[in-house]
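Here are the chains, one letter per residue:
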Amino acid sequence: DPADSALENKFYGELGDDDLILGALTEQTDARVAVLSSEAFLRSFALNAEKMHVLDDLFCSLATSVRYVAYLRDPVKLYASFCSQKLSGDADFPRRNWGYSEHLINLHAELGPRLEVRPYDRASFVGGDILTDFLGAVLGSDIGVQDLKFEKTFSNPSLSAEGMFLVQCTAMLRQMANPNNYPRHDDLMRKMAIFIRRIDTETENYRAPQLRPHIAAFIMADAAEGLAKLRDLFGVELPQNSAYKLDSAAALPDKPNAGLMLVRDVFEVDPDRTALLADKIQNHPRCPEGLADLLQRILMPSTT
């Protein structure tokens with residue numbers, strides 16, 4: 001309803017305030033279609049079957065048809081993105097976060113065919129765009145992207161490999177002075193990480209992070225069984241990059257002890273791009289106090 005635009009976001013409650021959120025949804029009695037989007041849905045409800053039943057029963061009491069749709073990312077791209085997100089909060093790397101298939105498998109046991117899984121990949125989207133894919137293929141709407149109005153906002157892209165390198169090295173230098181902070185960032189380090197991320201993703205020299213080939217191959221091999229189950233359950237096929245495939249004679253590396261590995265051991269970090277980014281951050285007029293000094297103490301990655 002157009003009147004909704006006048007409501008402030010806080011009307012819907014704080015994060016996790018189920019009663020207010022669901023209350024707002026039940027008020028939309030004249031809506032033909034209602035869409036509820038939740039980033040934490042899979043994790044929250046796949047681990048709590050009882051809560052899933054309650055929520056599903058409520059939805060089914062409000063609508064004649066209830067469907068659930070999940071977009072599934074390539075494990076390699078997902079892991080790279082999650083590393084970027086996690087390094088904004090602490091200096092550690094995530095462990096085995098490419099093994100996400102069990103959440104979808106658990107939900108399928110509860111929801112059956114009402115749960116649809118679609119690949120999150122530009123080449124697989126109808127029209128090459130996720131909004132076109134969702135509006136048309138999922139909702140069956142004739143509304144197109146050209147009919148929508150957009151506001152320019154920070155699009156939350158991932159840190160480049162060079163940006164992640166600077167964030168992690170900066171965090172480790174700060175945490176040497178106060179080991180009790182490890183691995184979580186203190187307030188100032190969090191501010192520094194956000195600043196690096198902002199400058200990194202806005203620079204004309206930005207490049208999406210690339211995992212080292214043997215790490216990418218390991219992730220795909222480790223996720224293969226789960227992806228096969230999802231293919232059998234949902235018929236979803238993620239695009240396969242030949243660079244991720246292991247040679248049959250190759251031996252898998254030991255599972256990375258991510259907390260002990262620097263970004264440069266996992267990602268392709270370019271020394272020249274790293275130096276350019278560090279220089280751009282140090283000379284920025286709004287560089288947080290202390291960040292320039294820390295950047296100057298970082299030993300830049302070598303070309304070897």
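Residues numbered from 1 in each chain as written. Predicted model: local features only at pLDDT ≥ 70, side-chain atom pairs only at ≥ 80, totals over all residues. Heavy atoms only, no water.

**Description of the overall build of the protein**
So, step 1. Across its full length, the protein holds 12 helices and 2 strands.
So, step 2. Written out in order from the N terminus, the α and β elements of the protein read α-α-α-β-α-α-β-α-α-α-α-α-α-α.
So, step 3. A buried classification covers 37% of the 304 residues belonging to the protein.
So, step 4. Across the protein, contacts joining residues at least 24 apart in sequence account for 75% of those joining residues at least 6 apart.
So, step 5. Accessible surface, the protein as shown: approximately 18,400 Å² in total, 51% of it carbon and sulfur. (Helix = DSSP H or I, 4+ residues; strand = E, 2+ residues; numbered from the N terminus. Buried < 20%, exposed > 50% of the residue type's maximum accessible area, 1.4 Å probe, protein only. Contact = heavy atoms within 4.5 Å. Areas by Shrake-Rupley, 256 points an atom, 1.4 Å probe, with all protein chains shown as cover.)

**What to know about the pattern of salt bridges**
Side-chain pairs of opposite charge can arise whenever the charged atoms involved come near each other.
So, step 1. Under the definition given, this model contains 15 salt bridges.
So, step 2. The salt bridge partner of E237 is R231, with a shortest N-O separation of 3.7 Å.
So, step 3. Look at E237 and you get partly exposed, because its relative accessible area is 47%.
So, step 4. Connected via shared salt-bridge partners are R67, E116, R118 and D133. (Salt bridge = Lys/Arg side-chain N within 4 Å of Asp/Glu carboxyl O.)

**Topic: the packing of aromatic side chains**
So, step 1. A full pass over the atoms with the stated rule returns 2 aromatic pairs.
So, step 2. Judged by centre distance (6.1 Å) and plane angle (75°), the ring pair of Y71 and F125 falls under edge-to-face. With Y71 in strand β1 (residues 68-72) and F125 in the loop between β2 (115-119) and α6 (130-138), this pair connects stretches of sequence that are 54 residues apart.
So, step 3. Ring geometry for Y120 versus F125: centroids 5.7 Å apart, planes at 85°, classification edge-to-face.
So, step 4. Owing to a relative accessible area of 10%, F125 belongs among the buried residues under this scheme.
So, step 5. Ring-pair connections join several aromatic residues into one group, and the members of that group are Y71, Y120 and F125. (Phe/Tyr/Trp six-rings, centres within 6.5 Å; stacked < 30°, edge-to-face > 60°.)

**Let's talk about helix α9 (residues 213-234)**
So, step 1. A224 marks the point of greatest bend in α9, at about 50°.
So, step 2. Every buried residue of α9 is listed here: I215, A216, A217, F218, I219, M220, A223, G226, L227, L230 and F234.
So, step 3. Its buried side turned inward, α9 meets β1, α4 (75-87), α5 (101-111), β2 and α10 (263-266).
So, step 4. Positive phi shows up at G235, right after α9, with a value of about 70°. (Bend = angle between axes of the 7 residues up to and from the residue.)

**Section: the environment of H108**
So, step 1. Within the element layout of this structure, H108 appears in helix α5.
So, step 2. For H108, a relative accessible area of 23% puts it in the partly exposed group.
So, step 3. With 126 residues separating them in the primary sequence, H108 and F234 have C-alpha atoms 9.0 Å apart.
So, step 4. Every residue in contact with H108, bar those within four places of it in the chain, is listed here: L115, L233 and F234.

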